[in-house]
Structure formats: structure tokens, C-alpha cells
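# Coordinate analysis (summary)
Given next are the chains, with one letter for each unit.
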Amino acid sequence: MDRKGYVYILVGVTTILLASWRMNLSIFYPHLMRYYGVSSVTAIALIATIASSISMIAASFLGILYDRMGPSLLLYIGGFTQFISAALAYFMKYYPWDVSMWLWYAGGVAVGLGFPALTLSINPTIIRVFSTRPDIALAVVQSSNYLALTLWSPIISRLISYMDPFTILLLLSIISAIAMILCAKIYRGFKAVERVRQGSSGEVPRLFILMLAPIFFIVTSSAMLLQFVAPIVVEFCEGFGIDFDKASQHYVPLVMGVSGILQSLGAFVWGFIARRIGVLKSFPLLYALQALTAFLIIVLSRFSLEAIIVALWLRFLMFGGEPVIHMVLIPTLFGQENLGKLLGIQTSTVMASSILGPVVGGLARDITGTFTATVLLSSIFSAIASAIAAIIVISRR
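In this text, all values refer to a predicted model and were calculated from it rather than measured experimentally.

On to the overall build of the protein. Helix and strand counts for the protein come out as 15 helices and 0 strands. For 397 residues, the compact-globule estimate of 2.2 N^0.38 gives 21 Å, and the C-alpha radius of gyration of the protein, at 20 Å, lies within 12% of that figure. Projected onto the principal axes, the alpha-carbon positions of the protein cover approximately 60 × 45 × 35 Å. A burial count over the protein gives 58% of its 397 residues as buried. Restricting to contacts in the protein with at least 6 residues of sequence separation, those with at least 24 account for 85%. Within the structure as shown, the protein displays about 15,900 Å² of accessible surface, and the carbon and sulfur contribution to it stands at 68%.

Another point: the layout of surface pockets. One number sums up the size of the largest pocket: a volume of about 230 Å³. Tyr29, Pro30, Met33, Arg34, Val41, Pro231, Val234, Glu235, Glu238, Phe244, Arg365 and Phe371 together form the lining of the largest pocket. Within the residue set of the lining of the largest pocket, elements represented by two or more residues are helix H2 (28-36) and helix H9 (229-239). Of the residues contributing to the lining of the largest pocket, the split by class is 8 nonpolar, no polar and 4 charged.

Scanning the entire structure with this criterion turns up 4 salt bridges. One salt bridge connects aspartate 67 with arginine 128, and the closest N-O pair in it is separated by 3.4 Å. Taken together, the positions of aspartate 67 in helix H3 (residues 41-69) and arginine 128 in helix H5 (residues 97-129) put the pair 61 residues apart, joining distant regions of the chain. For aspartate 67, a relative accessible area of 12% gives the class buried. Note on arginine 128: relative accessible area 7%, which makes it buried. The closest approach of N and O atoms between aspartate 164 and lysine 93, which form a salt bridge, is 3.2 Å. Here the residue aspartate 164 occupies a position in the loop between helix H6 (134-160) and helix H7 (165-187), and lysine 93 occupies one in the loop between helix H4 (71-91) and H5, the gap between them amounting to 71 residues. Under the relative-accessibility criterion, lysine 93 is labelled partly exposed at 24%.

Once that is clear, we can look at the packing of H2 against H7. Helix-helix packing: each pair is described by the crossing angle between the helix axes and the interaxial distance. Direction vectors running N to C along H2 and H7 enclose 140°, while the axes themselves pass 11 Å from each other. With respect to their mutual orientation, H2 and H7 come out oblique. Listed contacts from H7 to Phe28, Leu32, Tyr35 and Tyr36 of H2 are Pro165, Phe166, Ile168 and Leu169. For the contact of H2 with H7, a count of residues per class yields 8 nonpolar, no polar and no charged.

Time to look at the packing of aromatic side chains. Going through the model one piece at a time under the given rule, you end up with 14 aromatic pairs. Aromatic pair tyrosine 90 and phenylalanine 91: ring centres 6.2 Å apart, planes at 70°, arrangement edge-to-face. On the basis of relative accessibility, which here comes to 44%, the residue phenylalanine 91 falls in the partly exposed class. Relative to tyrosine 287, the ring of phenylalanine 283 lies with its centre 5.6 Å away and its plane at 85°, an arrangement referred to as edge-to-face. One end of the pair is phenylalanine 283 and the other is tyrosine 287, both in helix H11 (residues 279-300) and 4 residues apart, which spans about a single turn. The same class applies to phenylalanine 283 as to tyrosine 287, namely buried.

Counting 101 residues, the largest nonpolar core has Phe28, Tyr29 and Trp104 as the members making the most contacts within it. The biggest single contributor to this core is H3, with 11 residues. Leave out the neighbours within four places in its chain, and tyrosine 29 touches Val41, Ile44, Ala45, Ile47, Ala48, Trp104 and Gln227. Counting 18 residues, the second largest nonpolar core, distinct from the first, contains Ile16, Val129, Ala137 and Met180.

We now examine H4. End to end, H4 covers 31 Å across 21 residues, agreeing with the expected 30 Å (1.5 Å per residue, within 8%). Regarding H4, the residues found buried are Pro71, Ser72, Leu74, Leu75, Gly78, Gly79, Thr81, Gln82, Ser85, Ala86, Leu88 and Ala89. In this structure, the buried residues of H4 make contact with H3, H5 and H7.

Since the α-helix advances by 3.6 residues per turn, residues separated by three or four positions end up pointing in the same direction. Taking the largest bend as the criterion, helix H10 (residues 244-277) deviates by roughly 30°, centred on tyrosine 251, and proline proline 253 comes between one and four positions later. Just downstream of H10, glycine 278 is the residue with a positive phi angle, here 100°.

Once that is clear, we can look at the side chain of glutamate 235. You can see glutamate 235 is positioned in helix H9. Lacking a salt bridge, the buried glutamate 235 has arginine 365 as its closest oppositely charged neighbour, with an N-O distance of 4.8 Å.

This part takes up a nonpolar patch on the surface. Residues Phe295, Leu296, Val299, Phe303, Val310, Leu314, Leu376, Ile380 and Ile384 make up a contiguous nonpolar surface patch of about 740 Å² in total accessible area. Taken together, the elements giving at least two residues each to the nonpolar patch come down to H11, helix H12 (305-319) and helix H15 (372-395).

By the secondary structure assignment, leucine 225 is in helix H8 (residues 206-226). With 46 residues separating them in the primary sequence, leucine 225 and alanine 179 have C-alpha atoms 28 Å apart. Excluding its chain neighbours within four sequence positions, the residues that come into contact with leucine 225 are Ile232, Arg315, Val375 and Ser378.

About the cut-offs
- Residues numbered from 1 in each chain as written.
- Predicted model: local features only at pLDDT ≥ 70, side-chain atom pairs only at ≥ 80, totals over all residues.
- Heavy atoms only, no water.
- Helix = DSSP H or I, 4+ residues; strand = E, 2+ residues; numbered from the N terminus.
- Rg over C-alpha atoms; globule rule 2.2 N^0.38 Å.
- Buried < 20%, exposed > 50% of the residue type's maximum accessible area, 1.4 Å probe, protein only.
- Contact = heavy atoms within 4.5 Å.
- Areas by Shrake-Rupley, 256 points an atom, 1.4 Å probe, with all protein chains shown as cover.
- 1 Å grid on protein atoms, 1.4 Å probe; cavity = no way out; pocket = protein on both sides within 12 Å on 5 of 7 lines; lining within 4 Å.
- Points joined across faces, edges and corners; volume = space filled by probe spheres on them.
- Nonpolar A, V, L, I, M, F, W, Y, C, P; charged D, E, K, R; others polar.
- Salt bridge = Lys/Arg side-chain N within 4 Å of Asp/Glu carboxyl O.
- Axes fitted to C-alpha atoms, helices over the stretch in contact; angles between N-to-C directions.
- Parallel < 35°, antiparallel > 145°, perpendicular 65-115°, else oblique.
- Phe/Tyr/Trp six-rings, centres within 6.5 Å; stacked < 30°, edge-to-face > 60°.
- Core = buried A, V, L, I, M, F, W, Y, C linked by side-chain atoms within 4.5 Å.
- Expected span 1.5 Å × (residues − 1).
- Bend = angle between axes of the 7 residues up to and from the residue.
- Lys, Arg positive; Asp, Glu negative; His and termini not counted.
- Patch = residues over 30% accessible without salt bridge, like charges linked within 9 Å, V, L, I, M, F, W, Y side chains within 5 Å.

Below is the structure:
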């Protein structure tokens, strides 16, 4: 591997780190609810469903476009969508919620196109450049995605103390756009790297299709927690007598910051586990541990806030292995032929789960009045994913 390969991974890591501040988007939810006087979290979180819907539709097309055109075009598309979302978010401050919600949701459309453009440009490029060890290389790339929680959660929480959330959304979106455009210029050199040629057969492997079912359930489970982690922490804090301001300015950044480090660690751990025991055995094991840790949050909720936080951290540690295991499945079991296409289909499945997760999780909270129901549903969906994955592995013996 020449130096150019490591330049690609360094630039990819930096770009994802700067563009992944939206993993902390739930930090804005309580503030937007208070700003507009909205009582339903589902109305705010609907942006995640809209973005995921667009990503689900666009991912397969963008995967094929990657196979034909390479990563740069996708990154330029992603950068352009970030500029659009920046403008839409900023103008929200001048209108009441019945108008601003349409700008908020339109921004979700732009983000929905930009997200798969980012992931389906950098991830397959890293897989092909590091073809002999994609598990560890992907763990490095995914670590930047998770470390964004650690980097951005305290920054966003501090910025909210000094300026309105709309200006913050504007500035962060511009940073994302610039990072993606610069990455596109550097990744233009990928044409000098030997790429796998399109094969004559475009058939999707049957095993790959079967694996999409447990992936759907596990990502739905994780989306319920990821989209509502900030309000979940706030609710548990208030249950132990901690006021909203202290919960949002101290405990939320603490939980999300440490979670980012643990997810980054989880990516490396599960990358090594996949190499050690095989990716087929790894993914049902990962899912079972996610179900266990989600259920543990509920069990410990009656004891202490510290115990709840530790359980949340364990759940995020397990989540860190999810994307790594999912992406390594493709080159390990199916080779690199039509890599972009298969990653695009897998991404569409992930986005479909991301549509369902926030809606089901938000409705569970709105109906019951507590996020405990959301956490319980997350545990159930993880258990279903684990069972399906185990059946697939056993049937292949």
C-alpha cells in the first residue's frame, strides 16, 4: 500500500468527523420544542424520518453512480446539499412553527440526499484501497463518525448558551459542505488506484438479501436510542430531581461525549472480533449484546442515574460495531464486484430502519409519556434481530 492510500483514509476520517455533527442533532430537539412551544417530540424528530426516506430512495442509485463515476461526484453532491440545508435552517428563526416546520423538513430532504453521498463515496473507496484488511480500515473510518459525538456534543451544548440554534445549524452545515468539497478534490486521485471492473452479472446474492432482515431490525433498535439520546438523558435526570438546564448542559454532553469514545472503541473491537471468529458469527453475537444492554437500562432505571448512564454507555459500545460488521459482510462474503451497488442496497435498508425507529420511538414516548417505553422497544427489536441472525448462521452450517 503506497502513501496515497493512507492519505485517502486520513482525508476520509477528517471529512466524516467534521460532517457527522448531525449525530448530535437530538441536542437541538428540546431547545426547538421550547423555542416554538411544541409539546410533541415527534414533530421535531420527523426530520430524521424525512432524511432517511430520501436516503433510502437515493442510496441504491448513488451506489451504482459510485461504481461508474467514482467518489468525487458524490462528494460534490453532498457538499451542495449541505449549503441548502444551512440556508433553510437559518431562515427558520424568522417564522413561527407552522411555517418553520416546512423549512425544517425541507432541510431534512437535503440532508437525506447528502448522507448517502458521503458514506457511499468514502466507505467503498476505503474498502477497495485496503482490500486485504477492510475490517480494520473501516473501523478507523467509523471511529471518526463516533468521535463526532465526543467532539461536537460539548461544542454544540456550549454554543447554544451563546447563540440561537438556527445560527449554529447554519455554521455547522457550512463546515460540512466545505469539508466534503475538499475531500472530493483529493479523492479525484482515486482514478489512479486500480478499481474493480463491473462484472457481467448484476444479480444480488440470496444470502445478502437474507441478511438485510436482521440488519433492518437492529438499526431500527439503534435509531430509537440515537435519535432521542439527549431527551432520554434529560428525562432520566429530571426523574432524579435534576433540573432541565443542568441536565442539558452537563449530563447530555457527558453521556454523548463518552458514548462517542466508546463507539469508536467498539468499532475496533468488533473489527478484530470479525477477523478472529468470522463476520457471520460476529453479527448475531453483536445483536444479542445490544438487546441485553438496552434491557439493562430499564432494569437499572429504578436504582440510580449513574447506573442508567453506565448502561447507556454499554449500549453505545455495542453499537460501535454495527456499521463495521455490516459493511465488512459485503467484501468478505461477496467480493468487491458491484461493491457500490450492494452497499447502496444495504444503505437503503439502514435508512428504512432509520425511518421506522424515530417514528416508533417517538410515538411510544408520546403515548406513554415516558422514554422508558422507547428503550423497551429498542430492546425488543434487538432481540428479534439477534434471533433472525442466529437462524441464518445456523442454517449455513
